[in-house]
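Listed below, chain by chain, are the residues.
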Protein chains: 2
Amino acid sequence: MAVRRNAGKGQVLADTLFKNARMADGRAIDLLVAGGRITAIEPVGRLPVLEGTSVVELAGALLVPPFVEGHIHLDTSFIGDSWRPHKPCTDGFDVRERVAFQEENLATAAPMDYRAARQVDLCLAAGTLRMRSHVHVDAGPGLSHLEKILPVRETYRDLIDIQLVAFPQNGILSSPGSVEILDEAIAMGCDVIGGLDPATLDRDIEGQLDVVFDIAERRGVGVDIHLHDPHMLGVFQIEQICDRTRALGMQGRVAVSHAYGLGEVSEAAAKKAADLIAASGVAIMTNAPGNHPFPPVALLRAAGVTVFSGSDNIRDSWWPYGDGDMLNRANMIGYRSGFYTDPDLEAAFDVVTAAGAAALGISGDYGIAIGKPADFVCLAAEHVPEAVVGVPRQRTVYRRGRTIAENFVLASPANRG
Amino acid sequence: MAVRRNAGKGQVLADTLFKNARMADGRAIDLLVAGGRITAIEPVGRLPVLEGTSVVELAGALLVPPFVEGHIHLDTSFIGDSWRPHKPCTDGFDVRERVAFQEENLATAAPMDYRAARQVDLCLAAGTLRMRSHVHVDAGPGLSHLEKILPVRETYRDLIDIQLVAFPQNGILSSPGSVEILDEAIAMGCDVIGGLDPATLDRDIEGQLDVVFDIAERRGVGVDIHLHDPHMLGVFQIEQICDRTRALGMQGRVAVSHAYGLGEVSEAAAKKAADLIAASGVAIMTNAPGNHPFPPVALLRAAGVTVFSGSDNIRDSWWPYGDGDMLNRANMIGYRSGFYTDPDLEAAFDVVTAAGAAALGISGDYGIAIGKPADFVCLAAEHVPEAVVGVPRQRTVYRRGRTIAENFVLASPANRG
């Protein structure tokens, strides 16, 4: 897609001029990168090619910020491992039965760090350069998963920014000993404290939220709570989370993942909740599940809520789906939400890009603007709406101005041009 | 993916030995093609390489029958044309308003045969070699669309088998003069007579079905009726269609497309309808829409109903979605249906392959077996469940034993190896 040539004497850290890109707003631009950051964006032909500058011809490709994978589980996928057929629960969905099945699977799986790396590769190759991964941390596995995932984050630090969430898959109060382990996980390097269905799993909404927000306050970290609890039971807990967020002044640092209840209640109830969520600066994550109600994306966004997205599980003990492509996820969000107009398709794209960065609290170093890291994706698409419906297979991923993947194939370190 | 080499003196119509393929049932096989048909399937290494035989090394690729696109609209897509932003209806969905918008769009679009050809190219490149396309035929456009699409079918006859449905987009009774035009469309070469929402569009269920089944009986063609009518109003019409199908002995030659009602009624009502549909040999088409209830695929299949699928509209005046990849459609069917186990994923695959061929009445010349046309797709996947969740980008499409597309790029006629 792109042809790089040196205009003068090449240097490893030479400036690079990216020519003939199209921005999401339609502008045809050239873009200059120096020291891994964007240093100029000008109409095509205005930027001089100085001695020593590499030139990359983008031939009109759509240049967009990298995708934000806002919810993934790096410790549990079988990407890179052998196929594990899905086993349904014996009598309807049951979290504890699924966790037991997962532990059985993981006991015989390829090493966790190897599988996690293959999953990061999958995401990188598709254009994701910002990620939030939940890691199972509680009295079950203790800190063993985190001990495997932390080095993976280090290995990939030059390629992708990864936030880790200490995720109590077995619950907190119902998994005695987990409080201290979760706290230790933050000390070890987790960026966010997680939670899971305080009502149905711990049977104690106040109790679980006390622990989560206490750790968040003491450690100065954000919150991201899995919440599958249904209907008004889910909405009630979202309200509780909003109240605590405002009480602690944590607006912009708290997220609720899944939040199924918002998609199950009446539109009026969802609207009322949306106003509270927006006023509390709480973000909502949805992966647009296939056969389950999910939060009304347009309604939430109209109320001012930051809606972000993620692959969630990719080919693991919970389901076999997922390809790590957040542009395909934007397509799914649009398809599931009935988004047909250009503004709606742009909204679906925003969910996997800028809104994702906002939810993760990383907007400062994100976007296509002077001074930002030169992280971007070039797509064979005319504009964002076409990219969302077409999910182009032709794409090139740039990190700090260097090619790291082309058409879903990662460049070897030596070939990161 | 595949490397072809001549074992002896090459001839244009030389036999071809496809080596090291994996069948859907897991067998590792070699497959011999002569005169465009499959002449032998044997365990790897058992077939001798005779003088003059070309050899194609498949390196363990999954070899499956070509995809069946069971419901598409070749006349209305803007694939190959400029982007046309979606315009929502002014006050909720209205068929006649959408048709008016479509006519406005088509008036300024690229030539219909050109756009149709680009849509066929899109489908071919993904591995579809059997297709049923609806073509708008009624008192509105008259036979003008059909006159453009018939030559496209001829142009592509060596590459893909296309059935055409005379589709009364404006209704039949409510579009005076349409009866004779539909009848003439069959005389001109349509294979199937269509219909559309007898209740809500024509306000006369018996009246529209009288016309449709009268033409079907007189002309000896099958029936495929678009039915979006909701809830029990839809189910009632399906029952009427079933009754007529049995009365005329047309089992196996009638389909209902969309059949939304089946996804909107209680499970008990759907089950009762499914038994009647199965007993009547009526097939049900669903594209697994994103934000609308759709027929319960597993329930219907369990009752013995042939469920098939199609892209439906691809980037046209009705919605902007669609990529022409029926393997991606199988993924969507599975995702939307909550299919997680291997047998369920295999069912989703069956919907876009063998069940599609059955619905179109073309099973005789379909499948991977001795004597069948050498039409197949090779996928970079271990097995069918993995293909459905992974939707491999690496794939090669063979028609009569010759490569016609690789990784979504069509081979030029000179390069059809």
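Treat the numbers as computed from the prediction; the structure is a model and nothing was measured.

*Asks:* So what's going on with the sheet that holds strand E7 (residues 67–73) of chain A? Residues and values would help.
*Replies:* All names here are of chain A. Spatially, eight strands are ordered E7-E8-E9-E10-E11-E12-E13-E14 in an open sheet, and the strand pairing comes out parallel. The open sheet has two free edges, formed respectively by E7 and strand E14 (307–308), since each of these has just one partner strand. The pairing of strand E13 (residues 282–285) with E14 spans two bridges and is classified as parallel. Bridge pairing in E14 links Met-285 to Phe-308.

*Asks:* Describe the relation of the copies chain B and chain A, and please don't skip the residues or the numbers.
*Replies:* Mapping chain B onto chain A is achieved by rotating through 180° and translating by 0.0 Å along the same axis, at an RMSD of 0.0 Å. These values place the two chain copies in the arrangement generated by a two-fold rotation axis. Of all interface residues in chain B, 100% are interface residues in chain A too; the two copies therefore contact each other through one and the same surface.

*Asks:* Give me helix H3 (residues 144–155) of chain B: which residues, what numbers.
*Replies:* Side chains three or four residues apart in an α-helix point the same way, a direct result of the helix having 3.6 residues per turn. All names here are of chain B. Buried residues of H3: His-145, Leu-146, Ile-149, Leu-150, Val-152 and Arg-153, and no others. Along the axis of H3, the buried positions cluster into a sector of 165°, meaning they face one direction only. Of the surrounding secondary structure, the elements contacted by the buried residues of H3 are helix H1 (95–107), helix H2 (112–126), strand E8 (128–136), strand E9 (161–167) and helix H4 (178–188).

*Asks:* Account for the packing of helix H6 (residues 231–247) of chain A against helix H7 (residues 267–280) of chain A, naming residues and giving values.
*Replies:* Residues and elements named next belong to chain A. In contact at an axis separation of 9 Å, H6 and H7 are set at 20° when each is read in the N-to-C sense. As judged from the angle between their axes, H6 and H7 are roughly parallel. Both H6 and H7 take part in a crossing whose hand is left-handed. Judged by residue contacts, Met-232, Val-235, Ile-238, Glu-239, Cys-242, Asp-243, Thr-245 and Arg-246 of H6 engage Ala-269, Ala-273, Leu-276, Ile-277, Ala-279 and Ser-280 from H7. Partitioned by chemical class, the residues of the contact of H6 with H7 number nine nonpolar, two polar and three charged.

*Asks:* Account for the packing of aromatic side chains, naming residues and giving values.
*Replies:* A ring pair, where both rings are aromatic, is described by two values, the distance of the centres and the angle of the planes. Tallied over the full model, the rule gives 20 aromatic pairs over all chains. Between the aromatic rings of Phe-67 of chain A and Phe-349 of chain A, the centroid separation amounts to 6.3 Å while the plane-to-plane angle is 85°, which identifies the pairing as edge-to-face. Here Phe-349 of chain A lies in helix H10 (residues 342–351) and Phe-67 of chain A lies in strand E7, a separation of 282 residues in the sequence. The exposure classification of Phe-67 of chain A matches that of Phe-349 of chain A, with both residues buried. For the ring pair Trp-319 of chain A and Tyr-340 of chain B, a centre distance of 6.0 Å and an interplane angle of 90° mean the geometry is edge-to-face.

*Asks:* Outline the confidence of the model for chain A, listing residues and values.
*Replies:* In the predicted model, chain A carries a mean pLDDT of 95, and the fraction of residues at 70 or more is 96%. Here residues 6–13 of chain A scores under 50 on pLDDT; set against residues more than four positions off or in separate chains, the count is eleven contacts.

*Asks:* Could you give me a rundown of the sheet that holds strand E11 (residues 222–227) of chain B, with the residues and numbers involved?
*Replies:* In any sheet, the strands associate via hydrogen bonds between backbone groups, in a parallel or an antiparallel arrangement. All names here are of chain B. Ordered in space as E7-E8-E9-E10-E11-E12-E13-E14, the eight strands form an open sheet in which the pairing is parallel. Each having just a single partner strand, strand E7 (67–73) and strand E14 (307–308) make up the two edges of the open sheet. Sheet contacts for H2: E7, E8 and E9; angle to E8, the most-contacted strand, approximately 155°.

*Asks:* Run through the interface of chain B and chain A, naming residues and quoting values.
*Replies:* Every contact between the two is made by 37 residues of chain B and, on the other side, 37 residues of chain A. When the buried surface of chain B facing chain A is broken down by residue, Tyr-321, Tyr-335 and Tyr-340 of chain B rank first, second and third, together holding 27% of it. At the surface where chain B touches chain A, the tally comes to two salt bridges. As a salt-bridge pair, Glu-386 of chain A and Arg-315 of chain B come within 3.0 Å of each other at their nearest N and O atoms.

*Asks:* Can you lay out the pattern of salt bridges for me, pointing to particular residues and giving the numbers?
*Replies:* Residue and element names in this part refer to chain A. Inspection of every chain in the model, using the stated rule, returns 46 salt bridges over all chains. Residues Asp-375 and Arg-130 are paired through a salt bridge, measuring 2.8 Å at the closest nitrogen-oxygen approach. Here Asp-375, found in the loop between helix H11 (354–359) and strand E15 (376–379), pairs with Arg-130, found in strand E8 (residues 128–136); they are 245 residues apart in sequence, far enough to count as distant. The pair formed by Asp-375 and Arg-130 is uniform in burial state, with each residue classed as buried.

What counts as what
- Residues numbered from 1 in each chain as written.
- Chains lettered and ligands numbered in written order.
- Predicted model: local features only at pLDDT ≥ 70, side-chain atom pairs only at ≥ 80, totals over all residues.
- Heavy atoms only, no water.
- Pairing = 2+ DSSP bridges.
- Helix = DSSP H or I, 4+ residues; strand = E, 2+ residues; numbered from the N terminus.
- Least-squares fit on C-alpha atoms with pLDDT ≥ 70 in both.
- Contact = heavy atoms within 4.5 Å.
- Buried < 20%, exposed > 50% of the residue type's maximum accessible area, 1.4 Å probe, protein only.
- Arc of directions from axis to C-beta.
- Axes fitted to C-alpha atoms, helices over the stretch in contact; angles between N-to-C directions.
- Parallel < 35°, antiparallel > 145°, perpendicular 65-115°, else oblique.
- Left-handed = near helix turned anticlockwise from the far one by under 90°.
- Nonpolar A, V, L, I, M, F, W, Y, C, P; charged D, E, K, R; others polar.
- Phe/Tyr/Trp six-rings, centres within 6.5 Å; stacked < 30°, edge-to-face > 60°.
- pLDDT = per-residue confidence, 0-100.
- Buried area = accessible area lost by both parts, 1.4 Å probe.
- Salt bridge = Lys/Arg side-chain N within 4 Å of Asp/Glu carboxyl O.

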